Amino acid sequence: MPAQAYSGKECVCQLRKGICDQSCVRDMLETPFYVACLKLKGRRCLVVGGGDVGLEKVEGLLACDGDVTVVAPELHPQLRGLSDEGSIAWQARPYEPSDLEGAFMVITATNDSEVNIGVYEDAERRAMLVNVVDVPPLCNFILPAIVRSGPLAIAISTAGASPALAKRMKREIGELFGEDYARLAVMLNDARGWAKATLPTYQDRKDFFESIVNGSPDPIELLRAGDERAVLDLIAAAQRTHAPA
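This text gives an overview of the structure that appears in the document. Note that the coordinates shown come from a computational prediction; the quantities given were computed from them, not determined experimentally. (Residues numbered from 1 in each chain as written. Predicted model: local features only at pLDDT ≥ 70, side-chain atom pairs only at ≥ 80, totals over all residues. Heavy atoms only, no water.)

**Thoughts on the pattern of salt bridges**
So, point 1. Here the structure, examined in full by the defined rule, presents 11 salt bridges.
So, point 2. A salt bridge links R224 to D180; its shortest N-O distance comes to 3.6 Å. With R224 in helix α8 (residues 219–224) and D180 in helix α5 (residues 179–190), this pair connects stretches of sequence that are 44 residues apart.
So, point 3. You can call R224 partly exposed: its relative accessible area is 43%.
So, point 4. The exposure class assigned to D180 is partly exposed, which follows from its relative accessible area of 25%. (Salt bridge = Lys/Arg side-chain N within 4 Å of Asp/Glu carboxyl O. Helix = DSSP H or I, 4+ residues; strand = E, 2+ residues; numbered from the N terminus. Buried < 20%, exposed > 50% of the residue type's maximum accessible area, 1.4 Å probe, protein only.)

Here it is, written out as C-alpha cells:
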C-alpha cells in the first residue's frame with residue numbers, strides 16, 4: 001500500500017475525499033504500465049521539494065545526466081552542496097506553474113497535498129511526465145527500483161504494492177547479474193558494427209549473437225573465470241561461422 005494512501009488517513013490525492021477510502025489505488029495492481037527507458041541527457045528535469053526524498057530523486061536524475069532544477073524554499077544540506085558546485089539549479093521559493101515551462105518531467109516530493117495536486121494538474125494540462133512521490137493517483141509514470149552495472153539497467157516494479165519487496169529483488173538481481181554480464185554486453189556491442197556491415201538480414205544478426213550468448217562454452221562462465229581472451233575467441237569463431245560465403 002502506498003505510504004500516503006491508506007484507509008482512514010487524510011486524503012492526499014486530487015479526489016479530495018477528506019478521509020482516504022483507498023478508492024484511488026484499488027486498480028494499481030491491475031494497471032498495465034508501459035515500461036520504457038528515458039534519455040534524460042540535456043533535458044530539463046524539475047524536482048519540487050528539497051528534503052530527503054527530493055535528494056534521492058535528484059541523485060537519480062543526475063546519474064542519468066538530467067539537467068536538474070529544484071524548486072524549494074529550503075534545501076537539504078547535500079542538495080545545497082550540489083547547488084553550490086553548479087550540479088543543479090535552485091529556485092529558492094515555493095513552486096509556481098511557470099516552473100514547468102521547458103521541462104521534460106517533474107517529480108514532486110513535498111508534504112503539502114495542495115502543492116502536489118497543483119503540480120500534477122499543471123503537468124497534466126501540459127501533457128508532461130509527472131510523478132508525485134508515494135501518491136500513485138498523482139503520477140502518470142512510476143519509478144521502479146533499478147539495478148545498474150555498466151550499460152545494463154534492470155528495472156523492478158511492484159506497481160507500488162511493496163517497495164520493500166522491490167528492494168529485496170533489486171539486491172538479489174544485482175548479485176545474479178553483475179559485472180560479468182555488463183562486460184559481455186560491452187564486448188557484444190563491439191561486434192555490432194561487424195554484424196551490421198557483414199550479415200544481410202535481421203535473422204542472420206540474431207542468430208550470430210545468440211550463438212555467442214547461448215553457446216558453449218558459456219561466455220559468462222569464462223568471464224567469471226577471468227578468461228576474457230576466450231570470449232573474444234568465441235566471438236571471432238562465430239564471425240567466421242556466420243560470415244557469408
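Structure shown, so let's carry the discussion forward.
**Some remarks on the pairing of strand β4 (residues 105–108)**
So, point 1. Burial of β4 is two-sided: the residues M105 and I107 facing one way and the residues V106 and T108 facing the other way are all buried.
So, point 2. Pairing of strand β1 (residues 44–48) with β4 involves four bridges; the strand directions are parallel. Residue pairing in the sheet places L46 in a bridge with V106 of β4.
So, point 3. Looking at chain direction, β4 and strand β5 (residues 129–132) are connected through four bridges and run parallel. When the bridges of β5 are listed, M105 appears paired with L129.
So, point 4. Crossover β4 to β5 through helix α3 (residues 113–125) is right-handed. (Pairing = 2+ DSSP bridges. Right-handed = clockwise from strand over helix to strand, strands pointing away.)

**A word on the packing of aromatic side chains**
So, point 1. All told, the structure shown has three aromatic pairs when counted by the stated rule.
So, point 2. With 4.9 Å between their ring centres and 75 degrees between their planes, F177 and Y181 make a pair best called edge-to-face.
So, point 3. Judged by relative accessible area, which is 30%, F177 ranks as partly exposed.
So, point 4. Taking the centre distance of 5.0 Å and the plane angle of 45 degrees together, the rings of W194 and F208 count as tilted. Taken together, the residues span a long stretch of sequence, with W194 in helix α6 (residues 192–198) and F208 in helix α7 (residues 202–213) at a distance of 14 residues.
So, point 5. Its relative accessible area of 24% is what places W194 among the partly exposed residues. (Phe/Tyr/Trp six-rings, centres within 6.5 Å; stacked < 30°, edge-to-face > 60°.)

**A word on unusual backbone geometry**
So, point 1. Here S216 and P217 are connected by a cis peptide whose omega angle stands at 0 degrees.
So, point 2. Its location among the elements puts P217 in the loop between α7 and α8.
So, point 3. Phi is positive for A127, close to 55 degrees, though the residue is something other than glycine.
So, point 4. The backbone of D134 sits at a positive phi, close to 70 degrees, despite the residue not being glycine.
So, point 5. By the secondary structure assignment, D134 is in the loop between β5 and β6 (145–149).

**Points about the nonpolar core**
So, point 1. Counting 18 residues, the largest nonpolar core has V58, L61, V68, V70, L79, I88 and M105 as its most contacted members.
So, point 2. Counting residues per element, the ones that place at least two in this core are β1, α1 (52–63), β2 (67–71), α2 (77–84) and β4.
So, point 3. When residues in this core are grouped by element, the largest group, three residues, is from α1.
So, point 4. If we skip the residues at most four places from it in the chain, I88 touches V58, L62, V68, V70, L79, L82 and S83. (Core = buried A, V, L, I, M, F, W, Y, C linked by side-chain atoms within 4.5 Å. Contact = heavy atoms within 4.5 Å.)

**Quick look at α3**
So, point 1. Helix length check: α3, at 13 residues, gives a terminal C-alpha distance of 18 Å against a target of 18 Å (1.5 Å per residue), a fit within 8%.
So, point 2. Within α3 the residues assigned to the buried category are N116, I117, V119, Y120, D122 and A123.
So, point 3. Where α3 is buried, its residues contact β1, β4 and β5. (Expected span 1.5 Å × (residues − 1).)

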